[in-house]
Amino acid sequence: MSERLDRDERDVDGTSTANADEPLVTVEDLEKHYYENDSLLDRLSGRDPTAVRAVDGVNFTVERGETLGLVGESGCGKSTTGETLLGLREATAGTVRFDGEPVAGLSGDDEKAFRRRAGIVFQDPFSSLDPRQTVGEIVREPLDVHGIDTREEREERVADRLERVGLSAAQRERYPHEFSGGQRQRVGIARALALDPEFVVLDEPVSALDVSVQAQILNLLGDLQDEFDLTYLFIAHDLSVVRHISDRVAVMYLGEVAEIGPVEAIFERPGHPYTQALLESVPRANTAERDREVEALAGDVPSPRDPPSGCRFHTRCPHAREACREEDPERFDAGSGHEAACFRAVDEHAYWESAPLESPEERAQATESDLGERDERTADEPSA
Amino acid sequence: MAGGANSEPLLDVRDLTTRFFTEEGRVNAVESVDFTVHDGEVFGVVGESGSGKSVTALSVMDLVESPGEIVAGEVWYRDADLAGEMADDHPKAVDGDAVDLRRVPSEVRRSLRGSSVSMIFQDPMSSFNPSITVGEQIAEAVEVQRRASANPRSTRSRTQGFGLGSMVASTMESHERAIELLDEVGIPDPEARAEEYPHQYSGGMLQRAMVAQALAGEPDLLIADEPTTALDVTIEAQILNLLADLQDDLGMAIVLITHDLGVIARTCDRLGVMYAGEIVEHGSLADVFDSPVHPYTQGLLGSIPDLDDPAPRLNPIEGNVPSLLAAEMDDRCYFADRCPKAMEECLDKPPSFAVDGTGVAGRTDPTGTSATGTDGRKADTTAHTAKCYLADHEYGQARALPEGYFGGSDGGTDT
């Protein structure tokens with residue numbers, strides 16, 4: 001991927017101009033750490049705060065008009081990435097550029113302009129809508145905040161958005177509790193589209209829904225993307241859904257991007273052992289599934305408070321060798337925009353010469369007891 | 001399939017109906033559900049939220065709490081010893097080796113829980129007591145079984161009531177057994193882990209611990225209610241492999257309840273598809289997945305994106321899962337309002353049809369070949385059946401209900 005290479009050049013230029021060939025969103029070395037034990041009392045007693053490295057050096061771009069799927073298991077930092085990227089959380093380090101302009105530090109009119117162009121749909125349609133507002137008010141609120149058009153025009157736009165997401169304008173006087181989960185998610189989508197954004201972060205938009213309703217919403221999101229010319233960052237843990245909707249996919253593990261590439265490449269020729277394990281684990285809904293031998297990954301995801309040295313996946317990886325414990329692999333090119341953060345992607349890497357580690361089951365045993373010790377030490381602290 | 005075709009089912013649920021009497025009215029959560037589970041078999045129950053699959057499990061276990069009530073049905077459980085014990089006092093509840101658990105005293109039902117039938121729940125974090133170590137909680141389950149088997153059944157109900165101090169009542173043997181069980185379910189370093197509290201476990205580890213607890217009484221039947229729903233896929237794969245291994249080793253039967261068709265395909269021999277409190281289609285995995293008859297089953301299968309071969313567009317089921325309030329349920333096929341093939345006859349409730357075209361799948365065996373014919377043993381309970389007229393005759397365009405027959409009450413697309 002070229003944008004990683006010419007990053008330095010752009011920094012030299014200082015400002016870059018909006019350009020249709022450039023990616024819409026560029027995320028560079030994004031970090032978001034949360035701190036535990038950071039209260040006044042802790043400081044007075046001289047305890048060092050513990051960093052939870054939720055997002056730890058993430059790089060990717062989102063091209064105009066595409067859907068980038070961000071997939072990973074719970075706690076891998078995918079939602080934090082989405083929220084930090086929109087400036088809803090303050091990044092610990094790294095930059096996010098939207099249409100060439102850094103997002104961090106925007107204020108006043110610039111910030112408002114950015115918020116008009118980038119929206120978000122949240123996971124839980126039950127807690128992300130104000131129960132005291134009518135659906136019409138919920139969808140109109142962004143328009144009011146941004147002072148768009150006259151009151152009548154706003155009402156017209158609300159009616160239009162509700163109809164576009166498959167509700168009726170007549171339902172605008174109703175309250176969220178009168179709608180089902182799927183309908184509420186449609187309201188959330190209508191609200192995100194009220195300001196005519198170019199870019200929408202969809203944070204697990206269908207994971208709270210039943211499969212039949214999930215399929216309706218996925219079809220709707222596809223239609224709206226064509227209609228409004230939208231760019232999506234689609235965050236999800238369900239690999240089938242991600243494959244269905246994405247053009248490109250980034251797989252996250254423990255705060256890092258393990259693999260990124262076109263959807264076909266990721267699902268047909270996964271280069272990272274973690275991606276391979278994820279795909280292996282998903283139970284398929286067909287009759288051949290019964291006889292498929294599934295090699296389940298051993299162990300649990302390590303704690304982001306104290307991530308493993310070297311490659312973060314080496315504690316569970318069936319192919320791990322000494323090299324993986326010592327060195328954190330960068331993302332290696334696996335052809336046609338496909339990159340995997342694994343030494344196995346490189347033919348002549350020192351990895352191939354180093355000694356294999358013991359099997360992940362045995363290593364899992366070791367990690368487990370380590371985990372136990374650490375947990376005992378931190379047993380009196382609230383968990384993150 | 002384990003168990004053999006001619007052996008009696010381990011569990012035979014007939015016409016089970018559970019209702020909730022709420023302030024808003026009567027909710028028909030489970031309606032006339034029939035299914036059987038044979039020895040060593042995995043029976044799947046699949047459905048969307050609110051379809052009644054969890055309440056079905058709770059009803060079998062007799063764990064339905066007020067305002068819910070099991071209003072009808074029989075739960076036949078095959079246990080020769082129990083049948084012998086019950087034969088004198090409750091002759092109507094005994095049929096050969098099987099006992100109708102609905103017709104025996106609740107103490108007897110209680111005595112079966114854990115020792116004969118165990119259950120694991122969806123959310124391991126809220127199913128454990130956070131203030132007691134995991135080892136102690138499993139030892140407690142072991143202790144309950146130990147005491148129960150040391151006492152005759154008639155006195156069990158009294159000894160099972162644990163008073164003050166029950167938490168420290170477990171003996172060293174129980175504790176050792178707990179550690180063994182933790183080891184069996186693949187928890188590394190079980191001696192140390194037994195001393196830890198639930199919050200020190202990850203979700204997957206805690207689910208393993210819950211399986212260990214359920215196995216403490218060496219049950220013949222395990223009811224698993226969404227055992228992997230709260231887990232990530234890589235951990236889900238571990239737990240599903242664990243359940244399969246345990247089933248091979250211990251030969252228990254499993255009722256697996258889930259909304260995930262992939263999990264069903266992975267584990268089940270037979271399954272029932274639930275919709276609005278009813279099992280609308282029933283059959284072997286191949287029957288239901290490869291030749292689904294009920295439009296709801298077809299819709300469910302069409303709604304999931306295929307991981308290996310993605311289609312450009314999904315085929316969702318229009319509309320919503322219906323309200324189960326009795327007042328809002330017409331006496332028709334509950335799926336008719338969402339069904340693309342609704343016909344005039346669908347306004348009458350469809351019986352369960354045999355898919356092979358032999359008409360209504362009856363529960364009673366007309367030839368009375370069964371040795372225990374008094375109660376009317378049913379015909380083949382493992383056949384492919386569907387509560388849909390399409391299993392009986394072809395779709396007829398002429399009898400199709402006009403579009404909007406059920407009235408989109410708001411004029412908009414009902415999601």
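Refer to the structure printed above.
Here's a quick rundown of the structure. Owing to the predicted nature of the structure, the values given are computational and were not obtained by experimental measurement.

Definitions and cut-offs
- Residues numbered from 1 in each chain as written.
- Chains lettered and ligands numbered in written order.
- Predicted model: local features only at pLDDT ≥ 70, side-chain atom pairs only at ≥ 80, totals over all residues.
- Heavy atoms only, no water.
- Helix = DSSP H or I, 4+ residues; strand = E, 2+ residues; numbered from the N terminus.
- Buried < 20%, exposed > 50% of the residue type's maximum accessible area, 1.4 Å probe, protein only.
- Contact = heavy atoms within 4.5 Å.
- Areas by Shrake-Rupley, 256 points an atom, 1.4 Å probe, with all protein chains shown as cover.
- Polar contact = N/O pair within 3.5 Å; in protein donor to acceptor, adjacent residues only side chain to side chain.
- Pairing = 2+ DSSP bridges.
- Right-handed = clockwise from strand over helix to strand, strands pointing away.
- Expected span 1.5 Å × (residues − 1).
- Salt bridge = Lys/Arg side-chain N within 4 Å of Asp/Glu carboxyl O.

1. Quick look at the overall build of chain A
- Tallying secondary structure elements over chain A gives 14 helices and 12 strands in all.
- Taking all 384 residues of chain A together, the buried fraction comes to 56%.
- In chain A, the proportion of contacts linking residues at least 24 apart, taken out of those at least 6 apart, comes to 67%.
- Summed over all atoms, the accessible surface of chain A reaches about 16,800 Å², with 45% contributed by carbon and sulfur.

2. As for the side chain of His33 of chain A
- With respect to the secondary-structure elements, His33 of chain A resides in strand S1 (residues 25-36).
- In this structure the side chain of His33 of chain A is engaged in a polar contact, spanning 3.0 Å, whose partner is the side chain of Asp56 of chain A.

3. A closer look at the pairing of strand S8 (residues 221-225) of chain B
Residue and element names in this part refer to chain B.
- Counting buried residues in S8 gives five out of five residues, a clear majority hidden from the surface.
- Residues Leu221, Ile223 and Asp225 of S8 are buried on one face, and the alternating residues Leu222 and Ala224, pointing to the opposite face, are buried as well.
- Two elements, strand S7 (residues 117-120) and S8, share four bridges in a ladder whose sense is parallel. Considered in S8, the bridge of Met119 is made with Ile223.
- Sheet topology note: the S8/strand S9 (residues 253-258) ladder contains five bridges and is parallel. Considered in S9, the bridge of Asp225 is made with Ile257.
- Regarding topology, helix H10 (residues 233-250) serves as the crossover connection from S8 to the parallel S9, and that connection is right-handed.

4. Quick look at unusual backbone geometry
- Along the chain, Ser66 of chain B connects to Pro67 of chain B via a cis peptide bond; the corresponding omega equals 5 degrees.
- Structurally, the position occupied by Pro67 of chain B is in the loop between helix H1 (53-61) and strand S4 (68-78).
- With a phi close to 40 degrees, Ser336 of chain A is a non-glycine residue in the positive phi region.
- Position of Ser336 of chain A among the secondary structure elements: in the loop between strand S11 (332-333) and strand S12 (339-340).
- Look at Ser336 of chain A and you get exposed, because its relative accessible area is 62%.
- At Ala276 of chain B, a position not held by glycine, the phi torsion is positive, near 50 degrees.

5. What to know about helix H8 (residues 181-193) of chain A
Residues and elements named next belong to chain A.
- Compared with an ideal rise of 1.5 Å per residue, which puts 13 residues at 18 Å, H8 spans 19 Å between its outermost C-alpha atoms and is within 8% of the ideal.
- Burial analysis of H8 places 12 of its 13 residues in the buried class, which makes it a mostly covered element.
- Residues of H8 that are buried: Gly181, Gly182, Gln183, Arg184, Gln185, Arg186, Val187, Gly188, Ile189, Ala190, Ala192 and Leu193.
- Packed against the buried residues of H8 are strand S6 (118-121), helix H6 (135-145), helix H7 (151-164), strand S7 (199-203) and helix H9 (211-228).

6. Remarks on the pattern of salt bridges
- By the definition in use, this model includes 49 salt bridges over all chains.
- Note that Glu322 of chain A and Arg325 of chain A form a salt bridge whose closest N and O atoms lie 3.1 Å from each other. Of the two residues, Glu322 of chain A and Arg325 of chain A are both situated in helix H13 (residues 322-326); the distance of three residues between them amounts to about one turn of the helix.
- Asp62 of chain B is the partner of Arg102 of chain B in a salt bridge, and the nearest nitrogen-oxygen pair spans 3.3 Å. Here Arg102 of chain B, found in the loop between strand S6 (98-100) and helix H3 (106-112), pairs with Asp62 of chain B, found in the loop between H1 and S4; they are 40 residues apart in sequence, far enough to count as distant.
- Residue classification places Asp62 of chain B among the buried positions, given a relative accessible area of 18%.
- The network of salt bridges with shared partners includes Asp149, Arg157, Asp160, Arg161, Arg164, Asp196 and Glu227 of chain A.

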